[in-house]
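Results of the structural survey
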Amino acid sequence: MNLSTADDNIKRRIMTINKRISGLQEDNLYFYNQPVSELRGGARVLINGREMGMYASYSYLGLVGHPRINAAAKEALDLYGTGTHGSRMLAGTLKLHNELEETIADFKGMEAAITYTSGYATNLTTVSTLVGRQDYVISDKFNHASIVDGCLMSGAKFLRFNHNDMEALENRLKQCPTGSTKLVIVDSVFSMDGDIINLPQTVALCRKYNAWLMVDEAHSLGMLGKTGRGIEEHFNMPGAIDIKMGTLSKTIPSIGGYIAGSKELICLLRHTSRAYVFSSALPPAQVAAAKAAFEVILQEPWRVEKLRANGGQFIRGLKDCGFNTLATETAIVPVVTGADEVAFAMTRYCQNHNHFVLPVVSPAVPVGQARLRATVTAAHEPDEINQAIETISAAGKEMGVI
Ligand SMILES: Cc1ncc(COP(=O)(O)O)c(C=O)c1O
């Protein structure tokens, strides 16, 4: 298609985003999609020829590049090759897939688990398999885009409640007709804010109103609970959640997503969820890496403890400098800058001083709530974290944020 002759909404969308991106690039304020060319130890990376401390990682326990996980992936590659024979339901299932799913079910304290090729696809397919046009799906306003998209795709009546506001959740539950099917979905740790869902009250409300509860544990796996098992362990509420979703791409240094639940639920998903039935299986090396990572988490419990200590140090340090870090209680620390431009300028300062942080701006977060989404992992050392705090603080002072 010749873009110059079209004059329609698609062309306008293309031009609008291209203009915004090229404007940022011209002002040297574009920081997305930068390629990492090397891992340099646990918490350092080489980007564009510059070695930087990594403060934007999702590898919360510092497992990317772990030798035992790498070895498991190489072994699977030698045994099975790089791909599978198709979709899981047909010829694509390997013994390794089943072993990974058993490992996940065990780790999450559920009867069974099923895996998909991404966390995004997991939410999309699970929500749209479980609820339909006659049903109600109730979602926290700060839930991840993949949950929102799953809710929209399901065709269910989609009700959203104010972030972590239990009165608002109860009002939504009351709004659903008696006897209707209700699915409540929440993130465990919110990916842009780092705060934790009020699980005790969410569970109590779901029981009171006879609603199913699905929790996305993308950011609580490895992060919450004494042994990193997640949000139920954090609140000491075993058996509280009906449907546990998680990813294999953050704490677990692989790719994919999972649902853990009852045997019957998993049987339904295994035979009717479209991302399982109509999409090819996870590749062997990634499956083996994921399985080994769950084992490493249990074998190296110091990682979970260190992550907690590092998160605490990072939050305290930034707050002491005068930053607004919202309600975070985890190693995901928003450093609120207000305007998008301020977030971009602070990012440039930090990256010029060899600390890799990234800005999150609208529409990913509400207008006026732009921020650096900074993270620490179990791979950081306390003196490295202090240096990062100093750099972010200097950036904040330069931009008048603190
Ligand atoms: C809360 C949440 N759920 C789901 C996903 C999607 O997971 P994946 O990256 O594995 O597709 C993400 C990833 O960004 C996330 O933050």
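Residues numbered from 1 in each chain as written. Predicted model: local features only at pLDDT ≥ 70, side-chain atom pairs only at ≥ 80, totals over all residues.

1. Let's talk about the pairing of strand β8 (residues 212-216)
Across the five residues of β8, four count as buried, placing the element largely inside the fold. Summarising the sheet, strand β7 (residues 182-187) and β8 pair through five bridges and their orientation is parallel. Bridging from a neighbouring strand, Asp187 pairs with Asp216 of β8. Remark: the β7/helix α8 (residues 199-208)/β8 crossover connection has right-handed handedness. Across three bridges, β8 lies against strand β9 (residues 243-247) in parallel orientation. The partner of Met214 across the bridge, within β9, is Ile243. (Buried ≥ 20, exposed ≤ 12 C-beta atoms within 10 Å, placed from the backbone. Helix = DSSP H or I, 4+ residues; strand = E, 2+ residues; numbered from the N terminus. Pairing = 2+ DSSP bridges. Right-handed = clockwise from strand over helix to strand, strands pointing away.)

2. Some details on the site of the ligand
Not every one of the 14 residues close to the ligand is listed here, only the nearest: Gly119, Tyr120, His144, Ala218 and Thr247. Tallying contributions element by element places helix α5 (residues 119-130) first for the shell around the ligand, with three residues. Split by residue class, the shell around the ligand holds two nonpolar, ten polar and two charged. (Near = placed C-beta within 6 Å. Nonpolar A, V, L, I, M, F, W, Y, C, P; charged D, E, K, R; others polar.)

3. Regarding the sheet that holds strand β1 (residues 36-39)
The mixed open sheet is built from four strands, whose spatial order is β1-β2-β3-β12. Strands with a single pairing partner mark the edges of an open sheet, and in this sheet they are β1 and β12 (355-356).

4. Some points on the sheet that holds strand β13 (residues 359-360)
Pairing is antiparallel across the open sheet formed by three strands, whose spatial order is β11-β14-β13. With one partner strand each, in any of the chains shown, β11 (332-338) and β13 form the two edges of the open sheet. Judged from the six bridges that link them, β11 and strand β14 (residues 370-375) form a sheet pairing that is antiparallel. Within β14, the residue paired with Pro334 across the bridge is Arg373. Lying over the sheet, helix α14 (residues 340-352) contacts β11, β13 and β14, oriented at roughly 35° with respect to β14. (Contact = placed C-beta atoms within 7 Å. Axes fitted to C-alpha atoms, helices over the stretch in contact; angles between N-to-C directions.)

5. Description of the nonpolar core
Formed by 113 residues in total, the largest nonpolar core has its most connected members in Ala113, Val137, Ile259, Ala288, Ala289, Ala293 and Ile392. When residues in this core are grouped by element, the largest group, nine residues, is from helix α12 (residues 284-299). Looking at this core, you find at least three residues from each of domain 1 (26-55 + 301-398) and domain 2 (67-299). Once residues within four sequence positions are removed from consideration, Ala113 is found in contact with Glu101, Ile104, Ala105, Lys108, Tyr258, Ile259, Ala260 and Ile266. (Core = buried A, V, L, I, M, F, W, Y, C linked by C-beta atoms within 7 Å. Domains from an automatic or database assignment.)

6. Let's talk about the packing of helix α4 (residues 95-107) against α12
Packing of α4 against α12 leaves a shortest axis separation of 9 Å and a crossing angle of 25°. As far as their axial angle goes, α12 and α4 are roughly parallel. By crossing handedness, the relation of α4 to α12 is classed as left-handed. Contact residues: Leu96, His97, Glu99, Leu100, Thr103, Ile104 and Phe107 in α4; Pro284, Val287, Ala288, Ala290, Lys291 and Phe294 in α12. Looking at side-chain class alone, the contact of α4 with α12 contains nine nonpolar, two polar and two charged residues. (Parallel < 35°, antiparallel > 145°, perpendicular 65-115°, else oblique. Left-handed = near helix turned anticlockwise from the far one by under 90°.)

7. Quick notes on the domain arrangement of the protein
Domain assignment breaks the protein into domain 1 (26-55 + 301-398) and domain 2 (67-299). Computed from C-alpha coordinates alone, the two centres of domain 1 and domain 2 are separated by 27 Å. On the domain 2 side, the residues contacting the 17 residues of domain 1 number 13 residues. Of all the secondary structure elements, the ones that give two or more residues to the side of domain 1 that touches domain 2 are α13 (302-320) and β11.

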